[in-house]
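Residue strings, one per chain:
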Amino acid sequence: MADESTYRFQTGQTALIVRIPDAEPAARALRARFDPSARAGVPAHVTVLFPFLDESRIDARVCSALTEVIGSHHAFDLRVS
């Protein structure tokens, strides 16, 4: 396992994630112990892209582009076994 210091989050970092709220009860204890993002308040999720843009670069144009790209896809079911 990598040294936890390599997982330090920096102010302004962003990510694109898909929240998986149904996974939170089952994963909470493991995430609290092993996942620095959980300790930073990030919910149970699947990471799509990290790092994304610095928060200072996220504006209405970026949000509009994300809405257009993501909105053009249908919702999907996820099953982890």
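The structure under discussion appears in the preceding block.
For the structure given in this document, a descriptive report is provided here.

### Digging into the overall build of the chain
Helix and strand content of the chain: three helices and two strands. Secondary structure elements in the chain, listed N-terminal to C-terminal, are β-α-α-β-α. The C-alpha atoms of the chain give a radius of gyration of 15 Å, which is well past the 12 Å a tight globule of 81 residues would have. Considering only C-alpha atoms, the chain reaches an extent of 35 × 30 × 20 Å along its principal axes. The buried share among the 81 residues of the chain stands at 12%. Sequence-distant contacts, at least 24 apart, represent 72% of the contacts inside the chain between residues at least 6 apart.

### Concerning the pattern of salt bridges
Within the structure shown, the criterion is met by two salt bridges. If you follow the salt bridges from partner to partner, you end up with Glu24, Arg31 and Asp35 in one network.

### Considerations on the environment of Leu78
Relative to the helices and strands, Leu78 is located in the segment after helix H3 (60–71). Taking the C-alpha atoms as reference, Leu78 lies 27 Å from Phe9; in sequence the two are 69 residues apart. Ignoring anything within four residues of it in the chain, the contact list for Leu78 reads Ile20 and Val46.

### Considering unusual backbone geometry
Cis geometry marks the peptide bond from Phe50 to Pro51, where omega comes out at -5°. The topology assignment puts Pro51 in the loop between strand E2 (45–49) and H3.

### Section: the environment of Ala44
Mapped onto the secondary structure, Ala44 falls in the loop between helix H2 (36–39) and E2. The spatial distance from the C-alpha of Ala44 to the C-alpha of Ala23 is 6.3 Å, given a sequence separation of 21 residues.

### Focus on the side chain of Ser37
Relative to the helices and strands, Ser37 is located in helix H2. Its relative accessible area of 8% is what places Ser37 among the buried residues. Contacts of Ser37, omitting those with residues within four sequence positions, involve Phe9, Arg31, Val42 and His45.

How each quantity is defined
- Residues numbered from 1 in each chain as written.
- Predicted model: local features only at pLDDT ≥ 70, side-chain atom pairs only at ≥ 80, totals over all residues.
- Heavy atoms only, no water.
- Helix = DSSP H or I, 4+ residues; strand = E, 2+ residues; numbered from the N terminus.
- Rg over C-alpha atoms; globule rule 2.2 N^0.38 Å.
- Buried < 20%, exposed > 50% of the residue type's maximum accessible area, 1.4 Å probe, protein only.
- Contact = heavy atoms within 4.5 Å.
- Salt bridge = Lys/Arg side-chain N within 4 Å of Asp/Glu carboxyl O.

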